[in-house]
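Inside the fold
Here is how the chains run, residue by residue.
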Amino acid sequence: MPLISQRVDLARNGANDKVICRMASGWAVMGDVQFLPGYCLLLPDPVVPSLNDLDTEARTAYLLDMARLGDAVLQATGALRMNYEILGNSEPELHCHIFPRYASEPEHNIKMPVWFYDWKTAIAYSEQEHGELRMKIAKLLDASSQSAY
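I will try to describe carefully the structure that is included in this document. (Residues numbered from 1 in each chain as written. Predicted model: local features only at pLDDT ≥ 70, side-chain atom pairs only at ≥ 80, totals over all residues. Heavy atoms only, no water.)

Comments concerning the sheet that holds strand 2 (residues 26–30)
The strands making up a sheet associate through backbone hydrogen bonding, with each pair oriented either parallel or antiparallel. In spatial order, the strands read 1-2-3-5-4; together these five strands make up an open sheet with antiparallel pairing. Because the sheet does not close on itself, it has two edges, and the strands there are strand 1 (19–22) and strand 4 (81–85). Taken pair by pair, the neighbouring strands of this sheet meet at an average axis angle of 20°, ignoring direction. Its contacts with the sheet place helix 2 (residues 56–77) against strand 1, strand 2, strand 3 (40–44), strand 4 and strand 5 (96–101), and it is angled at close to 160° to strand 3. (Pairing = 2+ DSSP bridges. Helix = DSSP H or I, 4+ residues; strand = E, 2+ residues; numbered from the N terminus. Axes fitted to C-alpha atoms, helices over the stretch in contact; angles between N-to-C directions. Contact = heavy atoms within 4.5 Å.)

Written out as structure tokens, the structure is:
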């Protein structure tokens, strides 16, 4: 089973410790590594190969959830800006990487895509170290969904 499908399956079964919350279009989850605190992903549910495989209504919901998640991460972290990336080249299932970018990043990284960071030595997500931020993002998302209606 492909990685994104595995992660969504775990989320559905309450076994994905990185879940922030269930959103209309899928699952907001923390990234496996946190070299940029607040790095997260939006995983669609149901899983599809790409954004182009969603109908207009599902595509709209996914992109709105992506922006809402970015808003919550921005507010929770105080980041300078947000980067959004939907690639799918190595994991050919829809998922969006949501990266907070900080003024405090090393100068040689700040203007580059995050893929230039050393992912192999990045700090792994741990509930003890990052759980408070995960819960803060979840509360902000919950509050924004309450005020949207």
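Now that the structure has been shown, the text picks up again.
Focus on the state of the cysteines
Enumeration over the complete set of coordinates arrives at zero disulfides. The structure places no disulfide on C40, whose sulfur is separated from the nearest cysteine sulfur, that of C96, by 8.5 Å. (Disulfide = S-S within 2.5 Å.)

With respect to the layout of surface pockets
Over the atoms, a rolled probe matching the size of one water molecule traces out where space is still vacant. Taken as a whole, the largest pocket holds about 380 Å³ of empty space. Surrounding the largest pocket, 22 residues form its lining, L3, Y39, L41, H95 and H97 being those nearest its centre. Every element with two or more residues in the lining of the largest pocket is listed here: helix 1 (3–12), strand 2 and strand 3. In terms of residue count, the dominant contributor to the lining of the largest pocket is helix 1 (three residues). Grouping the amino acids of the lining of the largest pocket by side-chain chemistry returns 11 nonpolar, seven polar and four charged. (1 Å grid on protein atoms, 1.4 Å probe; cavity = no way out; pocket = protein on both sides within 12 Å on 5 of 7 lines; lining within 4 Å. Points joined across faces, edges and corners; volume = space filled by probe spheres on them. Nonpolar A, V, L, I, M, F, W, Y, C, P; charged D, E, K, R; others polar.)

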